[in-house]
Amino acid sequence: MARGRFITFEGIDGAGKTTQIDALQRLIESARIEVVRTREPGGTPLGEKIRGLLLGDEMTPRTETLLFFAARYEHVEQVIRPALARGAWVLSDRFTDATYAYQTGGKGMSGADVEALEAWTLDGFQPDVTVLFDLDPVVAAQRRTSRAGEGDRFERESQAFFTRVREAYLDRAQRDPKRFLMVNAEDTPDVIQAQLEKEFKPWL
Ligand code: Z5A
């Protein structure tokens with residue numbers, strides 16, 4: 001049995017990841033391949049409890065970073081590695097690049113500290129492909145305001161915060177261009193879906 005593929009989806013909040021993960025899941029399942037759809041923070045019972053803390057409770061950036069990695073270790077060991085080993089494709093809404101973007105870019109944590117935690121937690125384990133939905137924070141904010149409610153702790157951050165997050169994502173992509181697939185998130189959903197189909201169909 002061939003190992004499955006691990007695809008992650010990144011971008012600032014409201015970039016349109018959920019919409020496209022739905023479409024890609026349908027495409028892969030139409031080829032009779034198992035898909036494990038998951039997310040971070042979360043993905044396991046313990047991870048979902050940690051998600052509740054991360055999105056709801058005030059805490060220091062360092063505590064936040066440690067909690068993201070604690071949930072991630074559980075996620076990788078309990079869900080992602082076993083799924084890949086049995087040949088499933090894993091589609092994860094966010095993974096480690098989000099920690100670089102939000103905790104380093106957004107909240108000012110040191111990149112070297114995050115690298116050290118990543119090395120300790122993941123030991124070189126990386127997605128096969130990371131789809132980065134690049135979007136102007138002004139457009140993202142307009143999309144967010146069309147939703148009900150005041151949003152979680154991250155969604156309430158300023159536009160300047162999301163600008164730094166976006167820049168950190170772009171920096172990650174520039175450092176690892178082979179892994180990143182760039183998407184212009186201002187394109188229509190149909191255009192983006194066609195781009196992703198063209199990229200992934202040959203893999204099926
Ligand atoms: N976080 C972190 O800080 N560090 C970490 O290490 C990790 C995460 C792993 C999780 O939030 C938060 O945790 C996240 C970062 C932080 N916070 N922020 N901000 P979440 O999981 O609750 O939410 P999210 O990941 O940000 O995703 P989302 O809210 O589900 O947004 P989305 O998936 O990118 O967008 P969408 O729901 O598909 O679309 C948004 C709207 O735009 C919707 O009305 C669509 O109909 C519309 N849309 C979608 N595509 C288009 C296009 N192409 N054009 C126009 N309109 C569109």
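Residues numbered from 1 in each chain as written. Predicted model: local features only at pLDDT ≥ 70, side-chain atom pairs only at ≥ 80, totals over all residues. Heavy atoms only, no water.

*Asks:* Explain the overall build of the protein chain to me, using residue names and the numbers behind them.
*Replies:* When helices and strands are counted, the protein chain shows 8 helices and 5 strands. In sequence order, the protein chain lays out its α and β elements as β-α-β-α-α-β-α-α-β-α-α-β-α. Taking 204 residues into account, the globule formula puts the C-alpha radius of gyration at 17 Å, and the protein chain, at 16 Å, falls close to it. Referenced to the eigenvectors of the C-alpha coordinate spread, the extents of the protein chain come out at roughly 45 × 40 × 35 Å. For the protein chain, the residues scored as buried account for 49% of the 204 residues in total. A fraction of 79% describes how many contacts in the protein chain between residues 6 or more apart in sequence connect residues 24 or more apart. Here the protein chain has roughly 10100 Å² of accessible surface; of this, 51% comes from carbon and sulfur atoms. Each charge class in the protein chain can be summarised by its mean position, and for the 28 positive and 33 negative side chains these summaries are 2 Å apart. (Helix = DSSP H or I, 4+ residues; strand = E, 2+ residues; numbered from the N terminus. Rg over C-alpha atoms; globule rule 2.2 N^0.38 Å. Buried < 20%, exposed > 50% of the residue type's maximum accessible area, 1.4 Å probe, protein only. Contact = heavy atoms within 4.5 Å. Areas by Shrake-Rupley, 256 points an atom, 1.4 Å probe, with all protein chains shown as cover. Lys, Arg positive; Asp, Glu negative; His and termini not counted. Charge placed at Lys NZ, Arg CZ, Asp CG, Glu CD.)

*Asks:* Let's hear about the site of the ligand: which residues, and what values?
*Replies:* Around the ligand, the surrounding shell holds 29 residues, and the nearest of these are Asp13, Lys17, Thr18, Arg94 and Thr99. Lys17 has a polar side-chain atom sitting 2.7 Å from an oxygen atom of the ligand. Bound to the protein, the ligand loses 82% of the 1100 Å² it would expose on its own. Broken down by secondary-structure element, the contributors of at least two residues to the shell around the ligand are α1 (17–30), α2 (45–56), α3 (61–85), α4 (96–106) and α8 (189–200). (Near = heavy atom within 4 Å. Polar contact = N/O pair within 3.5 Å; in protein donor to acceptor, adjacent residues only side chain to side chain.)

*Asks:* I'd like a rundown of the side chain of Glu64, residues and numbers included.
*Replies:* Note that Glu64 resides in helix α3. Residue Glu64 is classed as buried on the basis of its relative accessible area of 0%. Those residues in contact with Glu64, other than ones at most four positions away along the chain, are Leu54, Met59, Gln103, Lys107, Arg153 and Phe154.

*Asks:* Requested: an account of the pattern of salt bridges, with residues and values cited.
*Replies:* Summed over the entire model, instances satisfying the criterion amount to 18 salt bridges. For Arg37, the salt bridge identified is with Asp22, shortest N-O distance 2.9 Å. Here Arg37, found in strand β2 (residues 35–39), pairs with Asp22, found in helix α1; they are 15 residues apart in sequence, far enough to count as distant. Given the relative accessible area of 33%, Arg37 is considered partly exposed. One connected set of salt bridges, linked through shared partners, spans Glu58, Glu64, Lys107, Arg153 and Glu157. (Salt bridge = Lys/Arg side-chain N within 4 Å of Asp/Glu carboxyl O.)

*Asks:* Please set out the sheet that holds strand β4 (residues 129–134) residue by residue, giving values where relevant.
*Replies:* Taken in spatial order, the 5 strands of this open sheet run β2-β3-β1-β4-β5, and their pairing is parallel. Looking at which strands have only one partner, the edges of the open sheet turn out to be β2 and β5 (180–184). Along the sheet, successive strands turn relative to each other by an average axial angle of 20°, direction set aside. For strand β1 (residues 6–11) and β4, the ladder comprises 5 bridges, and the chain directions are parallel. (Pairing = 2+ DSSP bridges. Axes fitted to C-alpha atoms, helices over the stretch in contact; angles between N-to-C directions.)

Structural measurements only, silent on function.
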